[in-house]
Structures are given as structure tokens and as C-alpha cells.
Amino acid sequence: MITLNIKQTDERYIAHTYQRFDVAIVKGKGSLCYDDSGKEYIDMTSGIGVNAFGYSDPVWAQAVAQQAELLQHTSNLYYTAPCAELAEILCTRTGMEKVFFSNSGAEANECAVKLARKYAADHKGAEYYNIITLNKSFHGRTLTTLAATGQDAFHEKFTPLTEGFLYAEPNDIAGLEKLVSENKVAGILIETVQGEGGVNALTPDFVRAVERVCHENDIIFMVDEVQTGNGRTGKLYSYMHFGVQPDVVSTAKGLAGGLPMGATLMGGKVADVLSYGDHGSTFGGNPVCAAAAVSVLSRMDDAFLSQVAEKGAYIRSRIEEAGFAVSGLGLMIGIKTEKPVSEVLMKCMENGVLCLSAKEKLRLLPPLNIPTEQLAKAVDVIIEALK
Ligand SMILES: *Cc1c(COP(=O)(O)O)cnc(C)c1O
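So, how was this worked out
- Residues numbered from 1 in each chain as written.
- Predicted model: local features only at pLDDT ≥ 70, side-chain atom pairs only at ≥ 80, totals over all residues.
- Heavy atoms only, no water.
- Helix = DSSP H or I, 4+ residues; strand = E, 2+ residues; numbered from the N terminus.
- Rg over C-alpha atoms; globule rule 2.2 N^0.38 Å.
- Buried < 20%, exposed > 50% of the residue type's maximum accessible area, 1.4 Å probe, protein only.
- Contact = heavy atoms within 4.5 Å.
- Areas by Shrake-Rupley, 256 points an atom, 1.4 Å probe, with all protein chains shown as cover.
- Lys, Arg positive; Asp, Glu negative; His and termini not counted.
- Charge placed at Lys NZ, Arg CZ, Asp CG, Glu CD.
- Expected span 1.5 Å × (residues − 1).
- Near = heavy atom within 4 Å.
- Polar contact = N/O pair within 3.5 Å; in protein donor to acceptor, adjacent residues only side chain to side chain.
- Nonpolar A, V, L, I, M, F, W, Y, C, P; charged D, E, K, R; others polar.
- Domains from an automatic or database assignment.
- Buried area = accessible area lost by both parts, 1.4 Å probe.
- Salt bridge = Lys/Arg side-chain N within 4 Å of Asp/Glu carboxyl O.
- Pairing = 2+ DSSP bridges.
- Axes fitted to C-alpha atoms, helices over the stretch in contact; angles between N-to-C directions.
- Parallel < 35°, antiparallel > 145°, perpendicular 65-115°, else oblique.
- Left-handed = near helix turned anticlockwise from the far one by under 90°.

Novice: I'd like to hear about the overall build of the chain, residue by residue, with values.
Specialist: Scanning the chain from N- to C-terminus turns up 13 helices and 17 strands. For a compact globule of 387 residues, the expected C-alpha radius of gyration is about 21 Å, and the chain comes in at 21 Å, within 12% of that figure. For the C-alpha atoms alone, the extent of the chain along its principal axes is close to 60 × 50 × 45 Å. Relative to its full complement of 387 residues, the chain shows a buried share of 53%. Sequence-distant contacts in the chain: of pairs separated by 6 or more residues, those separated by 24 or more amount to 72%. Element-wise, carbon and sulfur atoms account for 53% of the exposed surface of the chain, whose accessible area totals about 17300 Å². Positive and negative charge centroids in the chain, built from 35 and 46 side chains respectively, lie 3 Å apart.

Novice: Explain helix H11 (residues 302–321) to me, using residue names and the numbers behind them.
Specialist: Between its first and last C-alpha, H11 extends 28 Å over 20 residues, near the 28 Å set by a 1.5 Å rise per residue. Tucked into the core, H11 has its buried residues touching helix H4 (81–94), strand E13 (326–329), strand E14 (332–336), strand E17 (361–364) and helix H13 (372–386). Following H11 by one or two positions, glycine 323 adopts a phi angle in the positive range, close to 100°.

Novice: Can you lay out the side chain of asparagine 51 for me, pointing to particular residues and giving the numbers?
Specialist: With respect to the helices and strands, asparagine 51 occurs in the loop between helix H2 (46–49) and helix H3 (58–70). Beyond its immediate stretch of four places on either side in the chain, asparagine 51 contacts Ser46, Gly257, Gly258 and Pro367.

Novice: How would you summarise the site of the ligand if you had to cite specific residues and measurements?
Specialist: The local shell around the ligand consists of Ser104, Gly105, Ala106, Asn109, Phe138, His139, Gly140, Glu191, Asp224, Val226, Gln227 and Lys253. Backbone polar atom of glycine 105 to an oxygen atom of the ligand: 2.8 Å apart, as the coordinates give it. Within the side chain of aspartate 224, an N or O atom sits 2.8 Å from a nitrogen atom of the ligand. Relative to its free-state accessible area of 380 Å², the ligand is covered by the protein chains to the extent of 82%. It is helix H5 (residues 105–123) that contributes the most residues to the shell around the ligand, three residues altogether. Of the residues assigned to the shell around the ligand, the class counts are three nonpolar, six polar and three charged.

Novice: Break down unusual backbone geometry for me, with residues and values.
Specialist: Here the amide bond leading from threonine 159 into proline 160 is cis, since omega sits at 0°, within 30 degrees of zero. Along the chain, proline 160 turns up in the loop between helix H7 (152–155) and strand E6 (165–168). Although it is not a glycine, serine 46 adopts a positive phi angle of roughly 50°. Phi is positive for asparagine 171, which is not a glycine, with a value near 70°. Structurally, the position occupied by asparagine 171 is in the loop between E6 and helix H8 (173–182).

Novice: I'd love a proper account of the environment of tyrosine 237, names of residues and values included.
Specialist: Assignment of secondary structure puts tyrosine 237 in the loop between strand E10 (220–224) and strand E11 (248–251). Tyrosine 237 sits 203 residues away from tyrosine 34 along the chain, and the two C-alpha atoms are 31 Å apart. In contact with tyrosine 237, not counting residues within four places along its chain, are Leu90, Thr94, Glu225, Gly229, Asn230, Val249, Thr251 and Leu255. Here asparagine 230 takes part through its side chain, which lies 2.7 Å from a polar atom of the side chain of tyrosine 237.

Novice: Tell me what's going on with the domain arrangement of the chain, and back it up with residues and numbers.
Specialist: According to the domain assignment, the chain consists of domain 1 (4–53 + 301–386) and domain 2 (60–298). Centre-to-centre, using C-alpha coordinates, domain 1 lies 26 Å away from domain 2. On the side of domain 2, 26 residues touch domain 1, which itself brings 26 residues to the contact. Counting each side, the surface lost to burial between domain 1 and domain 2 is near 2100 Å², with a carbon and sulfur contribution of 60%. In this structure, the connection of domain 1 to domain 2 is made through one salt bridge. The partner of glutamate 196 in a salt bridge is arginine 363, and the shortest N-O contact between them spans 3.0 Å. Summed over the shared surface of domain 1 and domain 2, the number is 10 residue pairs in polar contact (both at pLDDT 80 or more). Of all the secondary structure elements, the ones that give two or more residues to the side of domain 1 that touches domain 2 are H2, H11, E13, E14 and E17. Taken together, the residues of the side of domain 1 that touches domain 2 break down into 15 nonpolar, seven polar and four charged.

Novice: Can you explain the sheet that holds strand E4 (residues 98–102)? Please cite residues and give values.
Specialist: Taken together, the seven strands give an open sheet; going across it, the order is E4-E12-E11-E10-E7-E5-E6, and neighbouring strands pair in mixed fashion. A strand with exactly one partner marks an edge of an open sheet, and here the two such strands are E4 and E6. Here the strands of the sheet are splayed against their neighbours by 20° on average, with no regard to which way each runs. Pairing of strand E5 (residues 130–134) with strand E7 (residues 185–190), which is carried by three bridges, proceeds in the parallel orientation. Bridge pairing in E7 links isoleucine 131 to glycine 187.

Novice: Outline the packing of helix H12 (residues 341–350) against H13, supporting the account with residue identities and numerical values.
Specialist: The contact between H12 and H13 brings their axes to 9 Å, and the two run at 140°. Here H12 lies oblique to H13, going by the angle between them. With respect to the hand of their crossing, H12 and H13 are arranged in right-handed fashion. Packed against H12, whose contacting residues are Val344, Lys347 and Cys348, the element H13 presents Val381, Ile382, Ala385 and Leu386 at the interface.

This is the structure we're talking about:
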């Protein structure tokens, strides 16, 4: 199935941090991709929520190619059009005031943590450095974002991690209030739907309680939209489902439709917290990535986002009809399996559908523009594999 050469060379020279499937993907078009034997797959992964418009979408590819031919990089010592335009779009569509650009979700969260700590140091004192996150959360792989990740298994071999992280239980409002009253807290960081943690949606009451507790205690309210952002849940950002307005939103994965880009959005309260020299990134705001993101966001109007919600509802109803429990929001879907999830994944792959897992659940993150017929076919295969 896989060209021995690719596999052997990869295994010989690339650090063994990823347990890869026995497949080499060589090309893709829309929601379909092909391995080196020519086998076709319907992609229900989007490269883990990245390829918002699928593989090599022509509009996206043209935006990338045009910018690559014009100016690929020039450092943050100079102004460039694509990143200014992107920042304006992001702020206009969220009501946020300023943006910091980086290259990944972890970096977007690092910036969020720095913002909360500096705000607290400026307004309350440097001892207010604690950041509260949730058990089962996932916020990245740097030492600080690992500390933010509320899962002990990720911490074990890498201590000491960055200090000052506390963990609350998802949906336990009283527990959160207690943690805040007993500690000096700078910020609270949540995912509205925990992605890597098992596609667990927070209750609307809890999300609103986080906002209230932050307001009552002058704490920075931060939402990690790295996976839930950029249309994935049927709104541009998932917090928009809950009638809340965060002080900080971090995002990455789908933002540039397949190129590395992270963004940290700052509301009025923290817009002027960072000043010259406080933060930086060589590649942050790269013109090619920014042009890709402008193209992606420009296509996500209300009609597009409601189609995302409809496709999510379609998957949910078909899977539930087949007798399996579904979690998540929009096109971010978790399915409780009866068989081990690895078995279901392999069966789907055999039958030409790529899926993901999250903890013990099957996880689906299809391209947001997946055609209805391909989606229906993929769901048929998934249901067959679940049985
Ligand atoms: C993937 C993910 C991250 C980490 O993003 P990287 O780009 O891999 O650094 C952080 N937070 C959430 C919610 C994620 O899903």
C-alpha cells in the first residue's frame, strides 16, 4: 500500500513522535485524497481541522500563489497589506480591538497567557499570576501550554513545567468560584468544546458563568478557539453560540486553510497591555499565510456558516438514528463507539474514509465545504464500521 521508500526513510530520519497510519497521502482535491497506490479516500479529518476548504481548493490556492509571487516574507520591521487586512477582518467580525499573529495554536495560547499575566501585574500585582484551565483540556505542546493542558499524562516526563496553572472541573460552577476565591488569578482559559479531550461541549450555563466570574473578579476571560474557530462549529467562533464576549480569543488550525498561522485576538480590556518589545515572532503575520487567511475568512459568510451547521446536524441525526451517541457542535463531532475506536478507524480507512479519534471517541472534522453526496457516502461507511 505504502511505498517502502517513503515509509523507511521517514522512520529512519524523523523522530518517532507520531504513530502514523500505514498510508502515504500524495495528493488531494476538495474532500478527496489519494495514497501512493492511487486509492481514494473521503477525508473526514481536514488535517485535524486545518483544511477548511479541503485539499488544494482552487480559490485558496490562487490566493496563496498570487501572494507568493508578490512577496513571501519581509519581517515585522515593515508594514504589509495582507496581515493588516486580515487583522481588520478579524476585529470587525468579532468586536475585538487588536490582534497578535503567530504560527500555531500553542503560540496563540502563549500570547494569551502573557496578556493575562501582564494585565494582572499592571492592575493587581505580579502575585496574581495564576491561570485557571479545565481538566481534560488541551492547549498545546510548549512547556507553558502543556502546563495549561489539564491532563496529567502530558506532564509527566517534562517537569518542571511553567508554574501557576490551576485546573477546574468542566461544568462545575461552584468549584470554579471556589478556586478563584482561594487563589490569586490572572485569567481563565477554556475551550467551549474540548477537542483533543474527547469532543466534550461545555454547558452554556458554565460558559456564561466563566464570563461572570471573570467580570466579578477583574480576571481575563480567554477562549481557546484553535480547533473550534474559523467556522468549524457553525459560527465564525464558537463563543458566539453562548452570548458571551471574551477578553482574549486564540485561534490557529483552520485560520489559513492549510498554512501555519496563529492569532491572538484582544478585546478592549487587554488591547493595550502589550507594548513595544513585549512579544514577537519572526514568521508571525507572514504575508502568504495572511493572504490565505483573508481568502478563507472572506468566504465564510452567514449562508456558508449555516450550511456548516446543517451538515453537522445531518451527521448527528444519521449517527443517532443508527443508535450511537454524538457530542460536539457543528462539524466538530464525537461519536461514542461500542468497539475500540482504533478498530472503527481502521475499518473506515479500509473502506475509503479517513477519520480521527479523540480519547475513546471517534472524531470527525470534515472540510467545511464537503459536498453533500460525499458526506452521505462517508457517513454510510462510518455507520457500517460502528456496527
Ligand atoms: C491543536 C490545538 C492546540 C495546539 O495547536 P498547535 O498548532 O498544534 O500548536 C491548542 N489548543 C487546541 C484547543 C487545539 O485543538
